Structure formats: C-alpha cells, structure tokens
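Close look at the chain arrangement
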Amino acid sequence: MAALSTAHRTALAALIDQCPDAVLARLARVVPQMGGGERATELINLLETATQARRRRAVAFSPLLPLFQPREDGVEGLTFPHGLLARLWAAAVPGQDAHLALLDERDANADRVADRLCRAAAGALRDAPDDVWPATLAPDTRDTGLVELAGCLDLAPLARVGARQLPDWLKTHGDDRTGLRLLLKDAAAVAPDGATRLIEILFAHLAEAPAILRIVTRTSSAASREEFLEGSELADFVSRIVRAVRLRTEAATLDPDGGEEAVAATVDGLRWAADALVQIDISLERDPDGDWSREIAVVRRSVVARLGTWTRDADRAVRAAAPRARVKLGGRSTRQAPDLEAPLDKAGARRAVVHAAFLTALRGPAATFGCEGDRRTSVEAAVTELSDWADEAIHAVNAGEAPDEDTALARIAHVADVLAALEATEAARTVRRRLAVAGVHAPDVRSA
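Residues numbered from 1 in each chain as written. Predicted model: local features only at pLDDT ≥ 70, side-chain atom pairs only at ≥ 80, totals over all residues. Heavy atoms only, no water.

1. Concerning the overall build of the chain
Tallying secondary structure elements over the chain gives 21 helices and two strands in all. Sorting the 448 residues of the chain into buried and exposed places 45% on the buried side. In the chain, 72% of the contacts between residues at least 6 apart in sequence involve partners at least 24 apart. Approximately 22,600 Å² of the chain is accessible, and the part contributed by carbon and sulfur atoms is 53%. (Helix = DSSP H or I, 4+ residues; strand = E, 2+ residues; numbered from the N terminus. Buried < 20%, exposed > 50% of the residue type's maximum accessible area, 1.4 Å probe, protein only. Contact = heavy atoms within 4.5 Å. Areas by Shrake-Rupley, 256 points an atom, 1.4 Å probe, with all protein chains shown as cover.)

This is the structure we're talking about:
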C-alpha cells in the first residue's frame, strides 16, 4: 500500500492536533490493532509523535496548565483559551530539539528545560503575538490576556516550585510561612504585580476555591485581619469567595417536583457555601464593620429564613405520607387512626420522599447556618410519627380492618420509603419486615 502523501500527512497532523487528550490516547491504543500497511504505520508514528509532544508540553507548562480550562466550581479565576497551549508549544520548541528529551526524565534537568521553554514562549508571545494568539481567538479578552499570559510564563519557574509546595501550605496546622513569603518576594521582583499573579496561578491549582484563603492569609503577619486584607492587593481573592457564596445561596431553590437530582443540586450549593463560610471564619479575623462581614451577615439571614420555610414545607410533606382520619369507637367516642383508604398518589409520594431526603441532606449546611436544631427536631418528630402510624396501620391490616388491603399495604410501604429517606434505617427495616408478612397477600413493598 502506498505511503501517505504530504497533503494527507499534513491533514492528519492537523486533525490529531485538534483531538482532546482522551481521544488521542484512545486512538493510540486502537489504531495499532486495525492492521498493518505503510499508511497505518505512518499514522501510528504520527500518533506516537503527537502523544510524546503533548506529554512533554504538559511537563514544560505544568504550573500553568490549570489556567487553560475553566474552574469546575465556577468561581472567577484567570483563564486562557485552551487552544493557545499548542500554539505556545509550537512557538517555544524551535531550536530546542536537543533538549526536549530531557523533559522525559522529570528531574532537575527537566525543570531547567521546562523553564527555558516557558521563557521562549513568553518571548514569542511578546515579539509575535498574532502568531501565537490570533485576533479571532477570544477577542474580548485578548489584549489583557496577552499581558497576563506573558507574565504567567515569566513566573513559571517560581510557580513550578509553588505548585509542589502547595499541599504543605494548605495544611490547616502548618506554621511554615517562610517559603511562601520568600517565593512571593521573588515573584514581586519579577514584576510589580508578580506576587498577586503567582497566587492567581496557585489558585487555578485548587479544586476547592475557598482553600485560597489559607494561602492569602499567610502572606504576611497581618493578612489574616479583615480590615487589613480588604485594603490590600489580595482582597479580590476573598471577594471572589464571598461573591460565590452569595450567588450560590441566591440560586438555591427547593423544587421537589424536580426530583432528587434538583434537590441534590440545591443542597450541594448550600453545602459549598457553608464550607466556604467555615473556611472564611477559620482564616480571617473578622471585622463586624467590614464589607465582607456585612455581606456575609446578609447572606446568612437570607439563608436562615429560607431554610426555615423549606424545613416547615418538608415537614408537612413528610407527615402527609401518613394520613390520619377520625374513626368512631362507639357512641360518640372517636379517635385519630391511620387513614388506610387514602389512595397513594405517585407524584405526591415522590415529593414526600424528596422532601425527606432534603431534610436529611441539610444536616451539614443547617449546622453552619444555625438551623440544625430545628432540622433535627423536625426529623426526629417525623420519624416518631411515621413509625407509630406504620405500627397502627399494620395492626389494622392484620386485624382485617383495612377496607382495601392492597391500598393499605402500598401506603405502608411508602411510609417505609420515607423513613429510609430520613435515614431512620432501623425503623424502615422494621416496617418492611413486618409488612412482608402482613395481611393475606402482601405486594412487593418497593413497587409503589
């Protein structure tokens, strides 16, 4: 079979360049299994060359790689278009072929070559910006992005050190601040805003954005005080976290009709906000008159009010799973007993389970926002009421007092599901065990 033509080779190389890393890795595994031939061999070589280049590129630009993708948590942060990575690499490698193999060693020599490539990329970005960052690529942020990206490349050697030390600096009880402060001092010597830019790079490495507060507050002996930090060049990092807390809490809604996934998303947002507030409380010496403290106070009041409403709504929905009706005992005497004639509405049953799961999932956020007592009281009362209802209902079924046994058993099974959602595991297990032998013929207790 004839070899690939120059045009084919060029087209394939361009196509491979556009492949995400995961796709390229799959191609590298699959193509060798598709048979031989000269063209297949050339394609395999192209894939191997591309894979090797990406691996080396990742080593060279490793301290900056997180900057080329948006933050997963959505918190504001410095980012650059992902497509620039390949262009930066192409601009940096000319004349460096003799050194590229050292990047495979992952040692001090690799660091030196990587730093050299970052300097070359910064030079190319400044000398020929249109070649590296076309005007059509993210035009709205291009002008400031060119300056920021070149500045980040200048700091790559320091960022490489910082990224490796980051886990130690994040330790809650770590007292070694000297290394961080010296690194920031070196960054400030590179550029007037070098220290702030270096922290921006480190911020991109953090999966949990609030953790940046542990770094910011260790930059100086006074940085943990809110009144000092609000006036510093690092204030924006704290402001981003506070804004993210406000936005997430404002977006939180309780929509039981949206199902477990919608409620889980709401709880996740509240949990993130609660964890961030805990981190702020741990890291900062708060100033009651400070802008951040006032904004946080407003957020807390809003969340507490909504949690109170949601808890009451959830409590009513959960208790509705165990309806009662007044029955005659004889003469004029009556009492409240399980209503075993009430048909089980599937939509209502689903909402009850979702509300119960919501009450359970709120445990962490409710503690942070000061509502845990109300939530726990509601859950405990609901578990007691549902358990008592189920006990009475099963007695009624076994005594032949249920007008429609299948309807009654389905309702009891639903109560067991709600108990399980409230994490009253033993109570739910007891109800299901008794339900399995209740009545003349018990249906599948999970079918309702």
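2. A few points about the side chain of His-355
In this fold, His-355 is placed in helix 17 (residues 346-361). Those residues in contact with His-355 that lie beyond four places of it in its chain are Leu-254, Pro-256, Asp-313, Ala-314, Ala-317 and Val-318.

3. Details of helix 9 (residues 156-169)
The end-to-end C-alpha distance of helix 9 is 19 Å, a good match for the 20 Å that 14 residues give at a rise of 1.5 Å each. A bend of about 35° at Ala-163 is the largest found in helix 9, and the proline Pro-167 appears one to four places after it. Listing the buried residues of helix 9 in full gives Ala-156, Leu-158, Ala-159, Arg-160, Gly-162, Leu-166 and Trp-169. (Expected span 1.5 Å × (residues − 1). Bend = angle between axes of the 7 residues up to and from the residue.)

4. Some thoughts on unusual backbone geometry
The residue Arg-106 is not glycine, and still its phi comes out positive at about 55°. Position of Arg-106 relative to the elements: it lies in the loop between helix 5 (97-100) and helix 6 (108-127). A positive phi angle, near 45°, is found at Ala-138, a position not held by glycine. Secondary-structure assignment places Ala-138 in the loop between helix 7 (129-132) and helix 8 (142-154).

5. A short note on the confidence of the model for the chain
Mean pLDDT over the chain works out to 87, with 86% of the residues at or above the 70 mark. Mean pLDDT across the elements of the chain bottoms out in helix 1 (residues 6-18) (63) and peaks in helix 11 (residues 194-204) (97). Every residue in residues 441-448 is under pLDDT 50, and counting partners more than four places away or in other chains gives 14 contacts. (pLDDT = per-residue confidence, 0-100.)

6. Side note on the environment of His-205
Along the chain, His-205 falls in the loop between helix 11 and helix 12 (212-216). Residue His-205 is classed as partly exposed on the basis of its relative accessible area of 28%. Here His-205 is in contact with Ser-62, Pro-63, Pro-66, Ala-163 and Leu-166, once residues within four sequence places are set aside. A distance of 2.7 Å separates a polar atom in the side chain of His-205 from the backbone oxygen of Pro-63. (Polar contact = N/O pair within 3.5 Å; in protein donor to acceptor, adjacent residues only side chain to side chain.)

7. A short note on the pattern of salt bridges
This model, assessed by the stated rule, comprises 33 salt bridges. Across the salt bridge formed by Arg-240 and Glu-200, the nearest N and O atoms sit 2.7 Å from each other. Of this pair, Arg-240 sits in helix 14 (residues 235-251) while Glu-200 is found in helix 11, placing the two residues 40 residues apart along the sequence. For the salt bridge of Arg-243 with Asp-236, the shortest nitrogen-to-oxygen distance reads 3.7 Å. Assessed through its relative accessible area of 35%, Asp-236 is described here as partly exposed. In the salt-bridge network here, residues are joined through shared partners; they are Glu-76, Glu-200, Asp-236, Arg-240 and Arg-243. (Salt bridge = Lys/Arg side-chain N within 4 Å of Asp/Glu carboxyl O.)

8. Looking at the packing of aromatic side chains
Considering all chains together, one arrives at five aromatic pairs under this definition. Ring geometry for Phe-80 and Trp-133: centres 6.5 Å apart, planes at 90°, overall edge-to-face. Of the two residues, Phe-80 is situated in the loop between helix 3 (38-60) and helix 4 (84-92) and Trp-133 in the loop between helix 7 and helix 8; the sequence distance between them amounts to 53 residues. Neither residue differs from the other here; Phe-80 and Trp-133 are each classed as buried. Note on Trp-310 and Phe-358: the rings are 6.0 Å apart at their centroids and 75° apart in plane angle, and the pair reads as edge-to-face. Note that Trp-310 is positioned in helix 16 (residues 291-319) and Phe-358 in helix 17, a separation of 48 residues in sequence. The rings of Phe-68, Phe-80 and Trp-133 are connected pair by pair, giving a single aromatic cluster. Here Arg-71 stacks its cationic end above the ring of Phe-203, 4.3 Å away from the centre of that ring. Seen from the ring of Trp-272, Arg-248 lies directly overhead, with NZ or CZ sitting 4.0 Å from the centre. (Phe/Tyr/Trp six-rings, centres within 6.5 Å; stacked < 30°, edge-to-face > 60°. Lys NZ or Arg CZ within 6 Å of the ring centre and 35° of its normal.)

9. Brief notes about the environment of Phe-203
Looking at the element boundaries, Phe-203 is found in helix 11. Accessibility expressed as a relative area gives 1% for Phe-203, which makes it buried. With 136 residues separating them in the primary sequence, Phe-203 and Leu-67 have C-alpha atoms 9.3 Å apart. Among all residues touching Phe-203, those that are not within four sequence positions of it are Arg-71, Val-75, Glu-76, Gly-77, Ala-209, Ile-212, Phe-237 and Arg-240.

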